[in-house]
Amino acid sequence: ADDGLAYWVSSGFEADGENGASGTASFKAEGVAGMALSLAQTVYPANRPCYTISAQIASEDLEKLSDDSQVGIEVAIEYEDGTTETRFIDLY
């Protein structure tokens, strides 16, 4: 988040210049019941055989309000042949 929301599509997130983990800033969102928040970035292939996704998560007073509530990271992968795969990493 050192460059703010440049290169990202945000719905409910903001850059936080005071709480960086690997840099000087991070992204921050406050959940709202019944609302999905998202932060998305498209990464186009380069000359690399693989990619790594890393995240550090902090929360305060986190509470799921229903069995349908989710807290996590959803990753959508599109392969060269056009097929897609979606993975959800549950964080709570």
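The coordinates are above.
Values in this document were obtained by computation on a predicted structure and should not be read as measured data.

How each quantity is defined
- Residues numbered from 1 in each chain as written.
- Predicted model: local features only at pLDDT ≥ 70, side-chain atom pairs only at ≥ 80, totals over all residues.
- Heavy atoms only, no water.
- Helix = DSSP H or I, 4+ residues; strand = E, 2+ residues; numbered from the N terminus.
- Buried < 20%, exposed > 50% of the residue type's maximum accessible area, 1.4 Å probe, protein only.
- Contact = heavy atoms within 4.5 Å.
- Polar contact = N/O pair within 3.5 Å; in protein donor to acceptor, adjacent residues only side chain to side chain.
- Phe/Tyr/Trp six-rings, centres within 6.5 Å; stacked < 30°, edge-to-face > 60°.
- Pairing = 2+ DSSP bridges.
- Patch = residues over 30% accessible without salt bridge, like charges linked within 9 Å, V, L, I, M, F, W, Y side chains within 5 Å.
- Areas by Shrake-Rupley, 256 points an atom, 1.4 Å probe, with all protein chains shown as cover.
- Salt bridge = Lys/Arg side-chain N within 4 Å of Asp/Glu carboxyl O.

Novice: I'd like a rundown of the overall build of the protein chain, residues and numbers included.
Specialist: If you tally the helices and strands in the protein chain, you get zero helices and six strands. The order of helices and strands in the protein chain, counted from the N terminus, is β-β-β-β-β-β. Counting the 92 residues in the protein chain, one finds 4% classified as buried. Counting only contacts in the protein chain whose residues sit at least 6 apart along the sequence, the fraction spanning at least 24 positions is 30%.

Novice: Can you tell me about the environment of Leu65, naming the residues and giving the values?
Specialist: Its location among the elements puts Leu65 in the loop between strand S4 (38-40) and strand S5 (72-78). In the structure, Leu65 is positioned 63 residues away from Asp2 in sequence and 32 Å away in space, judged by C-alpha atoms.

Novice: Talk me through the side chain of Ser26; I want residue IDs and the actual numbers.
Specialist: Summarising the element assignment, Ser26 is placed in strand S3 (residues 26-29). Judged by relative accessible area, Ser26 falls into the buried class, the value being 19%. In this structure the side chain of Ser26 is engaged in a polar contact, spanning 3.0 Å, whose partner is the backbone oxygen of Asn19.

Novice: Can you break down the packing of aromatic side chains residue by residue, with the values?
Specialist: For the structure shown, the criterion picks out one aromatic pair. For the pair Trp8 and Phe27, a centre-to-centre distance of 5.1 Å together with 65° between the ring planes defines the contact as edge-to-face. Taken together, the residues span a long stretch of sequence, with Trp8 in the segment before strand S1 (9-11) and Phe27 in strand S3 at a distance of 19 residues. Accessibility expressed as a relative area gives 30% for Trp8, which makes it partly exposed.

Novice: Can you break down the environment of Leu5 residue by residue, with the values?
Specialist: Positionally, Leu5 belongs in the segment before S1. Among all residues touching Leu5, those that are not within four sequence positions of it are Ser10, Phe13, Phe27 and Leu39.

Novice: Can you lay out the pairing of strand S6 (residues 84-90) for me, pointing to particular residues and giving the numbers?
Specialist: When S5 meets S6, the two strands line up antiparallel, connected through seven bridges. Paired with Glu74 across the two strands is Phe88, which belongs to S6. Linkage of S5 to S6, two consecutive antiparallel strands, is achieved through a turn of five residues, within which Gly82 is found at a positive phi near 90°.

Novice: Could you give an account of unusual backbone geometry, with specific residues and numbers?
Specialist: Within the chain, Tyr7 stands out as a residue other than glycine whose phi angle is a positive 75°. Along the polypeptide, Tyr7 turns up in the segment before S1.

Novice: Tell me what's going on with a nonpolar patch on the surface, and back it up with residues and numbers.
Specialist: Taken together, the side chains of Ile57, Leu62, Ile89, Leu91 and Tyr92 make up a nonpolar region of the molecular surface, amounting to roughly 460 Å² of accessible area. Within the element layout of this structure, Leu62 appears in the loop between S4 and S5.

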